[in-house]
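Inside the fold
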Amino acid sequence: MTAENARLAAALRELRARTGLSLAALSERTPYSKSSWERYLNGKSLPPRQAVRELCGLANEPHGRLLALWEIAESGWSGRAALPDLDPAAEDPPPQPRNPPRPAATGRTRGRRGRFMVALVSVYAVIVGGVALVFFLMSDRETPADEPLTDSAPYSLGPQCHGASCEGRDPMRLICGIGPDTLTTYRTATGAHVELRYSEKCGATWARVWGARIGDLVEVTAAGPTRDVRIKDTSDAKTYVYTQMTAAHPGGMVRACFRPTSADGERECVEARVG
């Protein structure tokens, strides 16, 4: 279990305690089984994104902070989700047929047939694993409910804005936060981490921060207005928060500045070039 997944599991257990629901009751009120909730709450497996939303709804908890915590946990968890390369030599030999092979078959023919069967089993395993992975990923994806979608693409998972139309808007709700580039990461004197993010598909940038303290402020500036976010409470301090987006272009400079809440703290800035 990663430290990020442990924090997510602890937050989910807190929400579950607030609801007063048993695991059986959770399974009745959500699409997930009792055993699945047991794994999610104990950190044995990463819950689907929708499961986090379901529990937040039952606890009357705004889902933004928990989904941010889920994203951090998912980043660490997904490193182990890659399908391993299949080594045909390591495969178990195919089961022997009940009837012995015909005497007329030569050893060379049987050898070719054996290699063919191993290759066929390997290809089949890759196909089945790939299909299962696709269904798993699709089942966890969701359409943002807080932003209206266009009539032409009501179920689109693509970015919902670009350039100036992203100005001052939420990168997660507008689906700009899927696979963005990390321009730079900076650790402040107080130990906070500031990261500049850029989405080529959206033509916009934003900053996010974690490990910060209540009252700390982070700003991001590109070619347009400065956008900022402040750590408001302990929930913000335990996870990460991010600014709204500002338009950015390839070759342009982006700056993030960190303002600690402490009176003796100094403003720290970091710059990066898009692309």
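Only a predicted model underlies this, so the values are computations on that prediction, with no experimental measurement involved. (Residues numbered from 1 in each chain as written. Predicted model: local features only at pLDDT ≥ 70, side-chain atom pairs only at ≥ 80, totals over all residues. Heavy atoms only, no water.)

Notes on the overall build of the protein
Going by this rule: Under the scheme used here, helices are H or I runs from DSSP no shorter than 4 residues and strands are E runs no shorter than 2 residues, and both carry numbers assigned from the N terminus. Remark: exposure states derive from per-residue accessible area (1.4 Å probe, protein chains only) relative to the maximum for the residue type, with buried under 20%, exposed over 50%, and partly exposed in between. For every accessible area listed, the method is Shrake-Rupley and the probe measures 1.4 Å; residues are considered covered only by the protein chains on display.
Within the protein one finds seven helices and nine strands. Evaluated residue by residue, the protein yields a buried proportion of 36% over its 275 residues. Total accessible area computed for the protein in this model is approximately 16,200 Å², and 53% of it derives from carbon and sulfur atoms.

Let's talk about the confidence of the model for the protein
Under the convention used in this document: Per residue, pLDDT measures the predictor's confidence, with a range of 0 to 100. Residues count as neighbours in contact if any of their non-hydrogen atoms are within 4.5 Å of one another.
When the pLDDT values of the protein are averaged, the result is 76; 71% of them are 70 or greater. Note that residues 80-101 has pLDDT below 50 and, in this model, 15 contacts with residues that lie over four places away or in other chains.

Some points on the packing of helix 4 (residues 49-58) against helix 5 (residues 64-77)
Heads up, the condition is: Think of each axis as a best-fit line through the C-alpha atoms, taken over the contacting stretch in the case of a helix, with angles from 0 to 180 degrees between the N-to-C directions. By definition in this entry, angles of less than 35 degrees are roughly parallel, angles greater than 145 are roughly antiparallel, angles of 65 to 115 are roughly perpendicular, and the rest are oblique. By the definition used in this description, the sense in which the near helix is turned from the far one sets the handedness, with an anticlockwise turn below a right angle giving left-handed and a clockwise turn giving right-handed. Each residue gets one of three labels, nonpolar for Ala, Val, Leu, Ile, Met, Phe, Trp, Tyr, Cys and Pro, charged for Asp, Glu, Lys and Arg, and polar for the others, Gly among them.
In the contact formed by helix 4 and helix 5, the axes pass within 10 Å of each other and the chain directions differ by 155°. The orientation of helix 4 relative to helix 5 falls into the category roughly antiparallel. Regarding helix 4 and helix 5, the two cross each other, and that crossing is right-handed. Residues Arg-49, Val-52, Arg-53 and Cys-56 of helix 4 pack against Leu-66, Leu-67 and Trp-70 of helix 5. Of the residues assigned to the contact of helix 4 with helix 5, the class counts are five nonpolar, no polar and two charged.

Some points on the sheet that holds strand 4 (residues 217-221)
Let me state the cut-off plainly: By this definition, two strands are paired if DSSP reports at least two bridges between them.
Ordered in space as 5-4-8-9, the four strands form an open sheet in which the pairing is antiparallel. Each having just a single partner strand, strand 5 (227-230) and strand 9 (268-273) make up the two edges of the open sheet. Each strand axis lies, on average, 15° off the axis of its neighbour in the sheet, ignoring direction. For strand 8 (residues 253-259) and strand 9, the ladder comprises six bridges, and the chain directions are antiparallel. Residue pairing in the sheet places Arg-255 in a bridge with Glu-271 of strand 9.

A word on the pattern of salt bridges
Our working rule: Definition used for salt bridges: Asp or Glu carboxyl oxygen within 4 Å of a side-chain nitrogen of Lys or Arg.
Scanning the model with the defined rule gives eleven salt bridges in all. Among the ionic pairs, Glu-61 bridges to Arg-18, the shortest N-O distance being 2.8 Å. Taken together, the residues span a long stretch of sequence, with Glu-61 in the loop between helix 4 and helix 5 and Arg-18 in helix 1 (residues 3-19) at a distance of 43 residues. Of the charged contacts, one joins Glu-219 and Arg-259 as a salt bridge, the two residues approaching to 3.1 Å between their closest N and O atoms.

Some words on the pairing of strand 3 (residues 204-210)
Most of strand 3 is tucked away, with six of its seven residues classed as buried. Of the pairings in the sheet, the one linking strand 2 (residues 193-199) to strand 3 comprises seven bridges and is antiparallel in character. Bridge pairing links Tyr-198 to Thr-205 in strand 3. Between strand 2 and strand 3, which follow one another and run antiparallel, lie four residues, and Gly-203 among them has a positive phi close to 60°. Pairing of strand 3 with strand 7 (residues 246-247) involves two bridges; the strand directions are antiparallel. Within strand 7, the position partnered with Ala-204 by the bridge is Ala-247. One ladder, built from three bridges, connects strand 3 with strand 6 (residues 240-242); its direction is antiparallel. Within strand 6, the residue paired with Arg-208 across the bridge is Tyr-242.

Remarks on the packing of helix 1 against helix 4
Packing of helix 1 against helix 4 brings their axes to within 9 Å, and their N-to-C directions diverge by 35°. Where helix 1 crosses over helix 4, the two elements pack in a sense that is left-handed. Contact residues: helix 1 offers Leu-12, Leu-15, Arg-16 and Thr-19, while helix 4 offers Val-52, Leu-55, Cys-56 and Leu-58. For the contact of helix 1 with helix 4, the per-class residue count stands at six nonpolar, one polar and one charged.

Some thoughts on the environment of Pro-180
If you trace the backbone, Pro-180 turns up in the loop between helix 6 (107-140) and strand 1 (181-187). Overall, the relative accessible area of 15% leaves Pro-180 in the buried class. Separated by 19 residues in sequence, Pro-180 and Ser-199 have C-alpha atoms that sit 4.7 Å apart. Those residues within four positions of Pro-180 in sequence are excluded, and the remaining contacts are Arg-197, Tyr-198 and Trp-206.

Describing the state of the cysteines
Just so we agree on the cut-off: Here, the term disulfide refers to a pair of cysteine sulfur atoms separated by no more than 2.5 Å.
Taken as a whole and assessed by the stated rule, the structure comprises three disulfides. Put simply, Cys-176 and Cys-202 are joined by a disulfide, and their sulfur atoms are 2.0 Å apart. Looking down the S-S bond of the Cys-176 and Cys-202 bridge, the torsion is -95°, so its handedness is left-handed. Taken together, the positions of Cys-176 in the loop between helix 6 and strand 1 and Cys-202 in the loop between strand 2 and strand 3 put the pair 26 residues apart, joining distant regions of the chain. The same class applies to Cys-176 and to Cys-202, which are both buried. Each sulfur in the disulfide pair Cys-257 and Cys-269 lies 2.0 Å from the other. Handedness here is read from the sign of the S-S torsion; for Cys-257 and Cys-269, about 110°, the answer is right-handed.

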